[in-house]
Amino acid sequence: MKTIIEPFKIKSVEPIRFTTEAEREKILRFAHYNPFMIPAEDVLIDLLTDSGTSAMSARQWAGIMDGDESYAGSKSFFRFERVTRELTGFRNIIPTHQGRAAEKILFSIIGGKGKIIPNNTHFDTTRANVEFTGAEAVDCLVEAGKHPEVRGDFKGNMDLAALEQTITRSGVENIPACMITVTNNSGGGQPVSMQNIRETKKLLSRYGIPLILDACRFAENAYFIKLREPGYAAKPVREIAHEMFSYADGCTMSAKKDALVNIGGFLALNDDALARQARNLLIVTEGFPTYGGLAGRDLEAIAQGLEEIVDEDYLRYRIRSVEYLGERLLAAGVPIVEPPGGHAIYVDAKRMLPHIPPHEYPGQTLVCELFRAGGIRSVEIGSVMFGRYDAATGSLISPPMELVRLALPRRVYTQSHVDYVIEVAEDVARRKEALRGFRIVEEAPMLRHFTAKFEPLSVK
Ligand SMILES: *Cc1c(COP(=O)(O)O)cnc(C)c1O
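Residues numbered from 1 in each chain as written. Predicted model: local features only at pLDDT ≥ 70, side-chain atom pairs only at ≥ 80, totals over all residues. Heavy atoms only, no water.

## A word on the site of the ligand
The criterion, for reference: Throughout this document, a residue counts as near a molecule or strand when at least one of its heavy atoms sits within 4 Å of that molecule or strand. Polar contacts here mean pairs of N or O atoms no more than 3.5 Å apart (in protein, one a potential hydrogen donor and the other a potential acceptor; neighbouring residues in sequence count only if both atoms are side-chain atoms). Computed with the Shrake-Rupley method and a 1.4 Å probe, the accessible areas treat only the protein chains shown as cover for residues. Note on conventions: DSSP H or I runs of at least 4 residues are helices, E runs of at least 2 residues are strands, and numbering of each starts at the N terminus. When residues are grouped by polarity, Ala, Val, Leu, Ile, Met, Phe, Trp, Tyr, Cys and Pro land in nonpolar, Asp, Glu, Lys and Arg in charged, and all others, Gly among them, in polar.
Around the ligand there are 15 residues in total, and Arg100, Asp214, Arg217, Ser254 and Lys257 lie nearest to it. Contact between the ligand and arginine 100: an oxygen atom at 2.7 Å from a side-chain N or O atom of the residue. Out of a free accessible area of 380 Å², the ligand has 98% covered by protein chains. Looking at the shell around the ligand, the elements that each hand over two or more residues are helix H4 (99-110) and helix H5 (124-132). Here the shell around the ligand takes 3 residues from H4, the largest share from any one element. Here the shell around the ligand is built from residues that sort into 2 nonpolar, 7 polar and 6 charged.

## Things to note about the packing of helix H6 (residues 160-170) against helix H7 (residues 194-207)
Here is the rule: In this description, a line fitted to the C-alpha atoms serves as the axis of each element, helices being fitted only across the stretch in contact, and the angle between N-to-C directions of two axes falls anywhere from 0 to 180 degrees. What sets the label is the angle itself: under 35 degrees gives roughly parallel, over 145 gives roughly antiparallel, 65 to 115 gives roughly perpendicular, and the rest give oblique. Handedness of a helix crossing follows the sense of rotation of the near helix relative to the far helix, less than a right angle counterclockwise being left-handed and clockwise being right-handed. By the convention used here, residues are in contact when the closest approach between their heavy atoms is within 4.5 Å.
As a packed pair, H6 and H7 sit with axes 11 Å apart at the nearest point and diverge in direction by 20 degrees. Classed by the angle they form, the pair H6 and H7 counts as roughly parallel. Of the two elements, H6 crosses H7, and the hand of that crossing is right-handed. In this structure, H6 uses Leu160, Leu163, Glu164, Ile167 and Thr168 to contact H7, whose residues at the interface are Asn196, Glu199, Thr200, Leu203, Leu204, Arg206 and Tyr207.

## With respect to the pattern of salt bridges
Here is the rule we go by: Think of a salt bridge as a Lys or Arg side-chain nitrogen and an Asp or Glu carboxyl oxygen that are within 4 Å of each other. Three exposure classes are used, based on accessible area relative to the maximum for each residue type with a 1.4 Å probe and protein chains only: buried under 20%, partly exposed in between, and exposed over 50%.
Counted under the stated rule, the structure contains 35 salt bridges. A salt bridge links aspartate 46 to arginine 377, with the nearest nitrogen and oxygen atoms 2.8 Å apart. Pair noted here: aspartate 46 is in strand E1 (residues 45-46) and arginine 377 is in strand E10 (residues 376-377), with a separation of 331 residues, a long-range link. Put simply, glutamate 86 and arginine 82 hold a salt bridge, and the shortest N to O gap is 3.9 Å. One end of the pair, glutamate 86, and the other, arginine 82, are both in helix H3 (residues 75-88), 4 residues apart, so they sit about a helical turn from each other. Glutamate 86 gets classed as partly exposed once you look at its relative accessible area, which sits at 46%. Among the charged side chains, a salt-bridge network with shared partners connects Glu21, Glu25, Glu369, Arg372, Asp427 and Arg431.

## Concerning the side chain of serine 378
Among the secondary structure elements, serine 378 is positioned in the loop between E10 and strand E11 (379-381). The contacts of serine 378, once residues within four sequence positions are left out, are Pro35, Leu47, Leu48, Val367, Leu370, Val404, Arg405 and Leu406.

## Quick notes on the packing of aromatic side chains
The following threshold applies: Only rings of Phe, Tyr and Trp enter the pairing, Trp through its six-membered ring, and a pair is recorded when the two centres are within 6.5 Å. The plane angle decides the type: under 30 degrees is stacked, over 60 is edge-to-face, the rest tilted.
Scanning the model with the defined rule gives 12 aromatic pairs in all. Arranged with centres 5.1 Å apart and planes meeting at 70 degrees, the rings of tyrosine 71 and tyrosine 291 form a pair that is edge-to-face. Here the residue tyrosine 71 occupies a position in the loop between helix H2 (58-66) and H3, and tyrosine 291 occupies one in the loop between helix H10 (272-285) and helix H11 (296-309), the gap between them amounting to 220 residues. Judged by centre distance (6.2 Å) and plane angle (45 degrees), the rings of phenylalanine 77 and phenylalanine 80 are tilted.

## What to know about the sheet that holds E11
The line we're drawing: The pairing criterion for strands is at least two bridges between them, as found by DSSP.
The strand order across the open sheet formed by 3 strands is E9-E14-E11, and the pairing between neighbours is antiparallel. The outermost strands of the open sheet, each flanked by one partner alone, are strand E9 (344-348) and E11. Sheet twist, expressed as the average angle between the axes of neighbouring strands with direction ignored, equals 35 degrees. Relative to strand E14 (residues 403-407), E9 runs antiparallel, the two sharing 5 bridges.

Written as structure tokens, this is what we have:
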């Protein structure tokens, strides 16, 4: 088999800045060892997130020039609405400025105290928007999804028994909707099978509970179904995606992921009465229903991006690049969440740096070392992001996993960039015993990972 190459050529380039190790040590010190405080210009390879970091195509840029900025009834809205409706099959398409705005509007209507929203795993903004209304966000992920070293085809699947238990225990009347997140971002970008979506829908139908997809990475999920689920190998991804959507009653979407744009999102709903309420809220918080917090040009770019994302040459390259990075890291003795997900590799820092205990932040240690050694920016998903303090003893309560996420922006980096990342990680892995942990010297009471300041326990 030949190398799977980037299915595009490059028309416009953006230089990246090379720095020396000495410069990067200074940059790290200035940023208090927090990657969120490093100026992007000082980063060589930025794997902080795949959100809003996609490279747009020439056609998307052409759409930007062609955008119709009319306040009401812009032609760009009608194109966006047509493309989204054809892809998803949903009746009402409501543009928002990001995915979380769609969540905010949906849960403002259906959430509230005493309500429960199940999901395979709530993404953090989804959970925050559910909880902000006083409702409870419950995760019902299959057991395999909780074990990074266990290989499985669909580790993002909903645990149907746990879901049914949640329904019967909480009372159907308290569950206004159930969500499935595709792919499961917080669970390592692992896909959900068509069978699981179908069976979830069947179970929910028995109780009359609607299903809403958190569809941010629907195309990556559809491609995994094509690769791994019997009966789908010959089906076009577009049809697979359409079938996924057909089991749902609506979706929330961050266009910053699988719509290949830098800003945007939407809420889609079959229920006309619910959509009417959503549009009323949209007018108060986002804008008129034919632009919803976006410019006409953004709607053009999203419409074009949704056409491009289901291209199978693109998806083959996309999923293969992530898998390639994962395979090479494993070969270098770097433990990762297996198998590789759709948009990122999650390094298991707990297993890689067992000499650094959770309260000395092994994930943060690896994040800093990847930057120091190679100018690579990544993010900790472990005790820094999710750690809490015991109210009585003040000691740190750590989450089960200490991960470092290397998220791959879409269409931005080539194989040689990925090879470079692998070389840096190999170098760090060879010297891992010498790495020392960090302590937090300043932190905010909520979402501390964005602003916390760190100090090395001993600089190596
Ligand atoms: C990014 C993301 C969101 C939120 O979207 P924003 O556009 O960042 O507001 C919701 N759910 C999942 C699974 C995501 O990855």
